[in-house]
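# Residue-level structural notes
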Amino acid sequence: GEPMIEYTESLDGIRPDQLRGFFDGWPSRPDPETHLAILKGSSHVILATDPDDDRVVGFITAVSDGVLAAYVPLLEVRSPYRGRGIGRELVRRMLDRLERLYMVDLVCDPQMRPFYEQFDMKPATAMAIRRRDSQSGRRDG
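The structure reproduced in this document is the subject of the present report. Treat the numbers as computed from the prediction; the structure is a model and nothing was measured.

### Some remarks on the pattern of salt bridges
- The final tally for this structure, using the stated rule, is 10 salt bridges.
- Across the salt bridge formed by Asp-24 and Arg-82, the nearest N and O atoms sit 3.3 Å from each other. One end of the pair, Asp-24, is in the loop between strand S1 (6–8) and helix H1 (32–41); the other, Arg-82, is in the loop between strand S4 (69–77) and helix H2 (86–97), and 58 residues separate them in sequence.
- In this structure Arg-82 comes out as partly exposed when scored by relative accessible area, which is 40%.
- Across the salt bridge formed by Glu-76 and Arg-82, the nearest N and O atoms sit 3.8 Å from each other.
- Overall, Glu-76 belongs to the buried group, its relative accessible area being 10%.

### Let's talk about the side chain of Ser-42
- Locating Ser-42 in the fold gives a position in the loop between H1 and strand S2 (44–50).
- Judged by relative accessible area, Ser-42 falls into the buried class, the value being 14%.
- In terms of polar contacts, Ser-42 uses its side chain to reach the backbone carbonyl oxygen of Ile-38, at 2.8 Å.

### Observations regarding the nonpolar core
- Ile-60, Ile-86, Leu-90 and Leu-98 are the most contacted members of the largest nonpolar core, which has 19 residues in total.
- If one sorts the elements of this core by residue count, H2 sits on top with four residues.
- For Leu-90, the contacting residues outside a window of four places in its chain are Tyr-7, Ile-46, Leu-47, Ala-48, Gly-58, Phe-59, Ile-60, Leu-75 and Val-77.
- Counting residues in each nonpolar core, the second largest holds 11 residues, with Phe-22, Phe-23, Leu-39 and Val-56 among its members.

### Some details on the layout of surface pockets
- Of the pockets and cavities examined, the largest pocket occupies roughly 1500 Å³.
- Lining the largest pocket are 41 residues, and of these Trp-26, Pro-73, Leu-74, Leu-75 and Val-107 sit closest to its centre.
- Those elements that provide at least two residues to the lining of the largest pocket are H1, strand S3 (55–64), S4, H2 and helix H3 (113–117).
- Broken down by element, the lining of the largest pocket gets its largest block of residues, seven residues, from S4.

### Some points on H1
- Along H1, the residues that are buried comprise Pro-32, Thr-34, His-35, Leu-36 and Leu-39.
- Of the surrounding secondary structure, the elements contacted by the buried residues of H1 are S2 and S3.
- The backbone nitrogen of Glu-33 has a side-chain oxygen 3.2 Å away, supplied by the residue at the start of H1, namely Asp-31.

The rules behind these values
Residues numbered from 1 in each chain as written. Predicted model: local features only at pLDDT ≥ 70, side-chain atom pairs only at ≥ 80, totals over all residues. Heavy atoms only, no water. Salt bridge = Lys/Arg side-chain N within 4 Å of Asp/Glu carboxyl O. Helix = DSSP H or I, 4+ residues; strand = E, 2+ residues; numbered from the N terminus. Buried < 20%, exposed > 50% of the residue type's maximum accessible area, 1.4 Å probe, protein only. Polar contact = N/O pair within 3.5 Å; in protein donor to acceptor, adjacent residues only side chain to side chain. Core = buried A, V, L, I, M, F, W, Y, C linked by side-chain atoms within 4.5 Å. Contact = heavy atoms within 4.5 Å. 1 Å grid on protein atoms, 1.4 Å probe; cavity = no way out; pocket = protein on both sides within 12 Å on 5 of 7 lines; lining within 4 Å. Points joined across faces, edges and corners; volume = space filled by probe spheres on them.

See below:
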């Protein structure tokens, strides 16, 4: 059958080599070391892991002031693991963590709206800057 997926909010023992295969479709993707730094810099992180494979197979991050607001910048499940409800479980767990906050915002492509609507999220107007030359997250030029 399908391997058991485990969920954790701890980054203890997570290594960059366990973070390969993410940022699908990004022209300039963060490398695994930068990905780990993103996770460590986030207020909240939930990882989905495949213990049989010793890899992170999905993750969600949030940045928050801890009082009123949180933003969910990243949610991704590695392609071989998609379609199994892992992304849904990551969002559910993150929204549980953030449930006392007044606002939880994220920006998504229009085709992702039905996915987020199942969590009672509503469409809203967003403003954004995207600096493509900073997409990898690297600061060394």
